[in-house]
Amino acid sequence: MGVEFIYPEFEVIRNTNRCITCRVCERQCANEVHIYDDENKVMLADESKCVNCQRCVSLCPTRALKIVKSDCRLRENANWTDGTIKEIYKQANSGGVLLSSMGNPNSFPVYWDKILINASQVTNPSIDPLREPMETKVFLGKKPSFIERDKKGNLKNNLTPQIELSMPVMFSAMSYGSISYNAHKSLAMAAENLGICYNTGEGGLHEDFYVYGKNTIVQVASGRFGVHEKYLNAGCAIEIKMGQGAKPGIGGHLPGTKIVGDVSRTRMIPEGTDAISPAPHHDIYSIEDLRQLVYSLKEATNYKKPIIVKVAAVHNIAAIASGIARSGADIIAIDGFRGGTGAAPTRIRDNVGIPIELALAACDKRLRDEGIRNNVSLVIGGSIRSSSDVVKAVALGADACYVATAALLALGCHLCRTCQTGKCNWGIATQNPELVKRLNPEIGSKRLINLMTAWKHEIKELMGGMGINSIETLRGNRLMLRGIGINEKELEILGISHAGE
Amino acid sequence: MTTINAKDYDYIDLNNKIRKSEKVCELNNCLGQRFISAGLKNKIITINGTPGNALGAYLNGAEITVNGNAQDAVGDTMNDGKIVIYGNIGDAAGYAMRGGSIYVKGNAGYRAGIHMKEYKEKIPAIVIGGKAGSFLGEYQAGGIIIVLGLENSDEIVGNFPCTGMHGGKMLLRSDCKNVRFPENLSVKAATDKDMEEFDKYISEFCRLFGADKEKIMNSAFTIITPDTKNPYKQMYVMN
């Protein structure tokens, strides 16, 4: 101990009256917090290793455990908070860039929580989704702006390829490597069952998952890992990843320690080598260049797959979206600054980018103003937490939402935010076979299906309450939204009135 | 053999024609059409003229010969096959290619071989007869890049070669005394044993372009490899 010592953030509270020294906690903790003292026949704990993932708490058969925040605090200071000071200690000790995971945890405004949804009263009767049909299906892709007929007057099919979804939600990109085989399998199985899509992320597609192709979006990122002709044709759409909400403007480094076995084979790089995705695509410096990548992918797949371009929500996002819409992309995916990640530099995650609510409203308006809204679909992500967030997003102009953190929570994630260590006790963000097998894909997929089925029903109820019976009618219907406790400028950007108006 | 007069078609129609052509296919009067033979396998294509950007992107086994120059992004994310250019090529050739080979008689633009990778028996190669522009082999993660610097009196490569290199090998036909490399690389004069590994590529280059192998070999060669495959390991602290 010395100047580099930082007192543990959490304490392990063990009720010795309840503890039966069954040693489940010891076996379950990959961080090796719990130790059995053979001499005194008691369980001990090294709380300095605890990340508060709650695995031991959940599996203790006698509820003898709890993890609490340590009350050993530095002297309170509203400017120099505990966290800020400890980060300085860490950097002074190591000289390293601070690395975090999952979405921005800081207390920035959450606009979803400042928007309220309308309901019908007296006029325009509400609809009971249990009694009347409700349409939650959406199609993503460019919509033709005119009807074409042949010489005989028959309708010509001039529709470009579309993604069909049973509800306006998809599982967003998480690479095989950042999450486990069983996590990917759970997402793929659930997506197939639900009639929605999951996204491979940039780590390639494991050979076992080609069977889920119809419900798979394959991603092409700057590292181009696992990208080849068969992969491009395997899914129902191709996503070009330009950016990610948690780390706009920078690339990704999957450490060599996670490039093992199947991950190495799927990414097509040797075991143990770092998988480096450069910050930019080095062949894209302009919208024209983006257009080139979009069309090279269309050519390689013979115009059978819609192309998604995913960007992080940043300043001037509306102009960027307008450019993407003109690049030939079929779908624009925008990821807000609260989006999750397996690892991102803390400073970037917590300070770069803008809230998705503002980005979405700005992009939808811009594309409408320019008369090109129907050339593209808009998919948004970056902390969609519930069905009401989905409904608000659709009313602000989204065609569909990407969810990832919510999906991981359904799989057992307890948001301890230490994915970057690769020791996920819930078998999600790890490649350790002993940990991976803790996540059963049958159970995982069932829980995802449960969550989405519940959301779908809630979406129908919220729509029914407004007297709306299809997503198509809700999309961009900002009259259904009101702001609460936000200023004129925020209302103007969101394009909504204040509650009471 | 199918012969196509490319003059009559834009890239969409031209690529459709190529997809439907016989195995051996010749394009005449090619002028700037992009994405030619993207993702194709089982074709042998000869192009007379100048193909546009992204020639042979995602190429999956087809063989392409260009009697002329090629533009940017030749062999982007190429998986297998062969591209032979009897001229110069533009920027970002062989971006992220993971298999097959590209032979260029003349010079290459910026960022040739950026982020090339390899996996087991799939080792891609780019052989450039002339000189290469700046950022050669940036982020190189695997594969082989050879620059011969024939008929060039000035520097064989531009600025900042091998930035972020963490795999693969680069061979430059020069003593590289005037070339500045970044840290974390091993830069050595190639030994006879090293040269054995590259022999098949140099021999193939000579066969294709009728170059004098003896003359080529009678020169200093420098071999560049990374000395760590985890360049960012020490950069982070868990927070």
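All residue numbers refer to positions counted from 1 along the written sequence of the respective chain. In the order they appear in the text, chains get letters beginning with A and ligands get numbers beginning with 1. With the structure being a predicted model, the display of local features is reserved for residues of pLDDT at least 70 and the display and counting of side-chain atom pairs for 80 or more, all residues being used for whole-chain, interface and lining totals. Note that water and hydrogens are dropped before the side-chain values are worked out from all heavy atoms of the structure.

Undergrad: How should I be thinking about helix 7 (residues 287–300) of chain A in this particular structure?
TA: In an α-helix there are 3.6 residues to a turn, and that puts residues three or four apart on one side. Helix and strand assignments follow DSSP, with helices taken as H or I runs no shorter than four residues and strands as E runs no shorter than two, numbered in order from the N terminus. Residue count minus one, scaled by 1.5 Å, sets the expected span of a helix. Between its first and last C-alpha, helix 7 of chain A extends 20 Å over 14 residues, near the 20 Å set by a 1.5 Å rise per residue. A large share of helix 7 of chain A lies buried, amounting to 10 of its 14 residues. In this scheme, a residue with accessible area under 20% of its type's maximum is buried, one over 50% is exposed, and one in between is partly exposed, where area comes from a 1.4 Å probe on protein chains only. Here helix 7 of chain A has its buried residues at L290, Q292, L293, V294, Y295, S296, L297, K298, E299 and A300 of chain A. For helix 7 of chain A, the secondary structure elements touched by its buried residues are strand 11 (216–220), helix 5 (229–234), strand 12 (237–241), strand 15 (307–312) and helix 8 (317–325) of chain A together with helix 1 (11–20) of chain B. By definition in these notes, contact holds between two residues if any of their heavy atoms fall within 4.5 Å.

Undergrad: What is the right way to read the sheet that holds strand 10 (residues 198–199) of chain A from this model?
TA: Adjacent strands of a sheet pair through backbone hydrogen bonds, lying either parallel or antiparallel. Residues and elements named next belong to chain A. The sheet built from 8 strands is open, its strands ordered 9-19-18-16-15-12-11-10 with parallel pairing. Looking along the sheet, the strands with just one partner apiece sit at the ends: strand 9 (169–171) and strand 10. Pairs of strands are assigned from DSSP output, requiring at least two bridges between the strands. Pairing geometry for strand 11 and strand 12, over 4 bridges, is parallel. Bridging across to strand 12, Q219 finds its partner in E239. Where helix 10 (residues 356–369) meets the sheet, its contacts fall on strand 16 (331–335) and strand 18 (377–381), and the angle it forms with strand 18 comes to roughly 170°. Axis lines are fitted to C-alpha atoms, over the contacting stretch for helices. Their N-to-C directions set the angle, which ranges from 0 to 180 degrees.

Undergrad: Teacher, can you tell me more about the sheet that holds strand 6 (residues 115–117) of chain A here?
TA: All names here are of chain A. What the 3 strands build is an open sheet, ordered 6-20-21; its pairing is mixed. Edge strands, defined here as strands with exactly one partner in the open sheet, are strand 6 and strand 21 (497–498). On top of the sheet, helix 11 (residues 387–396) reaches strand 6 and strand 20 (481–483); it is set at about 95° to strand 6, its chief contact.

Undergrad: Just to check I follow, could you spell out the state of the cysteines for this structure?
TA: Two cysteines whose sulfur atoms are joined by a covalent bond form what is called a disulfide. Residue and element names in this part refer to chain A. Throughout, a disulfide means two cysteine sulfur atoms within 2.5 Å of one another. Per the counting criterion, the structure on display carries 0 disulfides over all chains. No disulfide involves C50; its sulfur sits 6.4 Å from the nearest other cysteine sulfur, which is in C56. Taking the relative accessible area as the measure of exposure, C50 reaches 14% and is therefore buried.

Undergrad: Just to check I follow, could you spell out the pairing of strand 5 (residues 97–100) of chain A for this structure?
TA: Working note: regular strand, side chains alternate between the two faces of the sheet. Sheet topology places strand 5 of chain A next to strand 12 (residues 236–238) of chain B; 3 bridges connect them, and they run parallel. The residue of strand 12 of chain B that forms the bridge with L99 of chain A is M238 of chain B. Here strand 5 of chain A runs beside strand 17 (residues 344–345) of chain A; their pairing, made up of 2 bridges, is antiparallel. The residue of strand 17 of chain A that forms the bridge with S100 of chain A is A344 of chain A.

Undergrad: What exactly am I supposed to notice about the domain arrangement of chain A here?
TA: Frequently, the measure chosen for interface size is the accessible area removed from exposure when the parts meet. Residues and elements named next belong to chain A. Partitioning chain A into structural domains gives domain 1 (10–96) and domain 2 (116–120 + 128–148 + 165–498). These domain limits were set by an automatic method or by a database of domain assignments. Computed from C-alpha coordinates alone, the two centres of domain 1 and domain 2 are separated by 34 Å. Between domain 1 and domain 2, the residue contacts involve 12 residues of the former and 10 residues of the latter. Roughly 1000 Å² of surface becomes buried between domain 1 and domain 2 when both sides are summed, with 49% attributable to carbon and sulfur atoms. Here, a salt bridge means any Lys or Arg side-chain nitrogen found within 4 Å of an Asp or Glu carboxyl oxygen. Linking domain 1 to domain 2 there are 1 salt bridge. Of the charged contacts, one joins E87 and R347 as a salt bridge, the two residues approaching to 2.9 Å between their closest N and O atoms. Nitrogen and oxygen atoms within 3.5 Å of one another constitute a polar contact, given that in protein one can donate a hydrogen and the other can accept it, and given that sequence-neighbouring residues count only through two side-chain atoms. Applying the counting rule to domain 1 against domain 2 returns 5 residue pairs in polar contact (both at pLDDT 80 or more). In the side of domain 1 that touches domain 2, the residues fall into 4 nonpolar, 5 polar and 3 charged. The buried area of a pairing is the accessible area, by a 1.4 Å probe, that goes missing from both parts when the two are put together, added over both. Residues are grouped as follows: Ala, Val, Leu, Ile, Met, Phe, Trp, Tyr, Cys and Pro are nonpolar; Asp, Glu, Lys and Arg are charged; all remaining types, including Gly, are polar.

Undergrad: Whenever I open this one, the nonpolar core confuses me. Can you help?
TA: What tends to happen in soluble globular proteins is that the nonpolar side chains get buried as a cluster. The definition of a nonpolar core used throughout is a set of buried Ala, Val, Leu, Ile, Met, Phe, Trp, Tyr and Cys residues joined through side-chain atoms within 4.5 Å. Within the largest apolar cluster, 133 residues are counted, with the highest numbers of intra-cluster contacts made by I163, F171, I334, I380 and I428 of chain A. Residues I47, I64, M78 and M165 of chain B belong to the second largest nonpolar core, which totals 46 residues.

Undergrad: What is the right way to look at the packing of aromatic side chains in this model?
TA: Any two aromatic rings considered together are summarised by their centre-to-centre distance and by the angle between their planes. Paired rings are identified among Phe, Tyr and Trp, the last through its six-membered ring, by centres lying within 6.5 Å, and are further divided according to the angle between planes into stacked (under 30 degrees), edge-to-face (over 60) and tilted (the rest). The tally for this structure, following the rule as stated, stands at 12 aromatic pairs over all chains. On the basis of an interplanar angle of 50° and a centroid distance of 6.3 Å, the ring pair of F209 of chain A and Y212 of chain A is categorised as tilted. Judged by its relative accessible area of 11%, Y212 of chain A is buried. For the ring pair Y86 of chain B and F209 of chain B, a centre distance of 4.9 Å and an interplane angle of 75° mean the geometry is edge-to-face. Pair noted here: Y86 of chain B is in the loop between strand 5 (80–85) and strand 6 (101–104) and F209 of chain B is in helix 2 (residues 192–209), with a separation of 123 residues, a long-range link. Between R55 of chain A and the ring centre of W426 of chain A, over which it is positioned, the NZ or CZ distance is 4.7 Å. Any Lys NZ or Arg CZ found within 6 Å of a ring centre and within 35 degrees of that ring's normal is scored as a charge over the ring.

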